[in-house]
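Below are the chains, spelled out letter by letter.
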There are 2 protein chains.
Amino acid sequence: MNKGKLFVFTGPSGTGKGTILSEVLAAEPRLRVSVSATTRTPREGEIHGIHYWFMNHSTFEEKIAQNAFLEHACYVGNYYGTPEEPVNEQLDAGYDVILEIEVQGAMQIHDKRPDAVMIFVAPPSMEELEHRLYGRGTENSEKVAERLEQAKKELTYQKQFDYIIVNDTLSDAVFDLRSIIHAEHCRVEP
Amino acid sequence: MNKGKLFVFTGPSGTGKGTILSEVLAAEPRLRVSVSATTRTPREGEIHGIHYWFMNHSTFEEKIAQNAFLEHACYVGNYYGTPEEPVNEQLDAGYDVILEIEVQGAMQIHDKRPDAVMIFVAPPSMEELEHRLYGRGTENSEKVAERLEQAKKELTYQKQFDYIIVNDTLSDAVFDLRSIIHAEHCRVEP
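If you're wondering where the values come from, they're calculated on a predicted model, not measured in any experiment.

If you tally the helices and strands in chain A, you get seven helices and nine strands. Looking at chain A as a whole, 44% of its 190 residues qualify as buried. Within chain A, contacts between residues separated by at least 24 positions form 66% of all contacts whose residues are at least 6 apart in sequence. Of the roughly 9900 Å² that chain A leaves accessible, carbon and sulfur atoms contribute 49%. Charge-centre separation for chain A: the mean point of 19 positive side chains lies 1 Å from the mean point of 30 negative side chains.

Once that is clear, we can look at the sheet that holds strand β5 (residues 69-75) of chain B. Residues and elements named next belong to chain B. Spatially, the four strands line up as an open sheet ordered β4-β3-β6-β5, and their pairing is mixed. A strand with exactly one partner marks an edge of an open sheet, and here the two such strands are β4 (53-54) and β5. Sheet topology places strand β3 (residues 37-38) next to β4; two bridges connect them, and they run parallel. Following the sheet pairing, Thr38 is matched in β4 by Phe54. Contacts from helix α2 (residues 57-65) reach β3, β5 and β6 (78-83), with the element oriented near 45° to β6.

Attention shifts here to the confidence of the model for chain A. Overall, the predicted model of chain A reaches an average pLDDT of 93, with 99% of residues at or above 70. Across the whole predicted complex the pTM is 0.91, and at the interface the ipTM reaches 0.88.

It takes a turn of 180° to lay chain B on chain A, together with a shift of 0.0 Å along the axis; the resulting RMSD is 0.0 Å. Viewed as a symmetry operation, the transformation between the two copies matches a two-fold axis. Considering only C-alpha atoms, the part of chain B nearest the rotation axis is Ser179(B), at 2.0 Å. Comparing contact sets, 100% of the residues at the interface of chain B also lie at the interface in chain A, consistent with an isologous, same-surface contact.

This next bit is on the interface of chain B and chain A. Contact with chain B, which involves 18 residues of that partner, is made by 18 residues of chain A. Of the roughly 1600 Å² buried between chain B and chain A, counting both surfaces, carbon and sulfur atoms make up 64%. If you sort the residues of chain B by the area they bury against chain A, Phe175(B), Cys186(B) and Val188(B) come out on top, with a joint share of 37%. The interface formed by chain B and chain A holds two salt bridges in total.

Val103(B), Gly105(B), Ala106(B), Met107(B) and Ile109(B) are the residues of helix α4 (residues 103-112) of chain B that are buried. Contacts from the buried residues of α4(B) go to β1 (6-10), β5, β7 (96-100), β8 (117-122) and α6 (141-155) of chain B.

Take the pairing of strand β5 (residues 69-75) of chain A next. All names here are of chain A. The sheet contact formed by β5 and strand β6 (residues 78-83) spans six bridges and is antiparallel. In the sheet register, Glu71 faces β6, and the bridge partner there is Thr82. Hairpin connection from β5 to β6: two residues lie between these consecutive antiparallel strands, with Val76 at a positive phi of about 40°.

Glancing now at the sheet that holds strand β9 (residues 163-166) of chain B. Residues and elements named next belong to chain B. Judged by pairing direction, the sheet is parallel, and its five strands sit side by side in the order β2-β7-β1-β8-β9 without closing on themselves. In this open sheet, the two strands that pair with only one neighbour each are β2 (31-33) and β9. Strand after strand, the sheet turns through a mean of 25° between neighbouring axes, direction not considered. Pairing analysis gives four bridges linking β1 to β7, with the strands arranged parallel. Residue Leu6 lies in a different strand from β7, and its bridge partner there is Val97.

Criteria and cut-off values
Residues numbered from 1 in each chain as written. Chains lettered and ligands numbered in written order. Predicted model: local features only at pLDDT ≥ 70, side-chain atom pairs only at ≥ 80, totals over all residues. Heavy atoms only, no water. Helix = DSSP H or I, 4+ residues; strand = E, 2+ residues; numbered from the N terminus. Buried < 20%, exposed > 50% of the residue type's maximum accessible area, 1.4 Å probe, protein only. Contact = heavy atoms within 4.5 Å. Areas by Shrake-Rupley, 256 points an atom, 1.4 Å probe, with all protein chains shown as cover. Lys, Arg positive; Asp, Glu negative; His and termini not counted. Charge placed at Lys NZ, Arg CZ, Asp CG, Glu CD. Pairing = 2+ DSSP bridges. Axes fitted to C-alpha atoms, helices over the stretch in contact; angles between N-to-C directions. pLDDT = per-residue confidence, 0-100. Least-squares fit on C-alpha atoms with pLDDT ≥ 70 in both. Buried area = accessible area lost by both parts, 1.4 Å probe. Salt bridge = Lys/Arg side-chain N within 4 Å of Asp/Glu carboxyl O.

Laid out in structure tokens, this is it:
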């Protein structure tokens, strides 16, 4: 079996990354998601190695020092990151690996792994993104305004990606992501 | 509507280009094939502008002088070529255009149109290609040997293409070509 390919899948909050990815995973048996590492406490039902690699602060910081993460960040006092070794193991075994991560994390990988195929999910418009964020019903107008501000910043990075998927219709976006994965396997290495 | 994209689709004789393309055309309403020009006499039922643009030798040679062809060649005393203007008209109207042509013609377009997405169809192996050429039942062993010799030469060009589709299973090859077309619409221009 040939070596797999590494895909980075990112975009602003509310663009529907998770929904697109879960449909694509169901259709692509060769595709695996990476498991993140975190220092936060496991929640009820969360399994080590499935939902997260759970580790304590000092282990995480040791791994940062060893350059063991493809990307990492700190949110509200806890570390989150993508360990590189399990990703490489899956790629060597012939699986494609996709990382669904924040835009800032994606930019870290961009520099570290020139082999990574960089995919950005964009909303059809800022109006539509606002509409979707309100539609979730979980966020007040202050929080939505904050997310829109963040999205505007993140959208300025899209030209640094290999592909942009505009998530207008879910089924089209799912077909776009599947197309990118298959087309990349046909691509002639420069 | 956005401008369409130009695809060049080539590969050795017997690799199944025509079969792949007819299935993809049926699935992709935005995709059009280009119509070739020729100086040969129309056969029963062939319609000008549908099967070929029929023209006489002097008109064809005038158009060569005007650089009006994306590619052209002479076979057994007749000219064949792809006029550029109708291709550009379709692209401007928002259609993708695909040219199913010989490898030598494809290499001419490679130089002339850097915007063209270059796709090469390869057989899974030379043994399988030989098997398919005999399977057609239309060619004797001398003719098959000639075609295999030609295929070997043409395969040396494949690294100059953007994509290679190995036509092992027809349905996979059809999905590969559709994937390339859709992925190219998501690609960020460098």
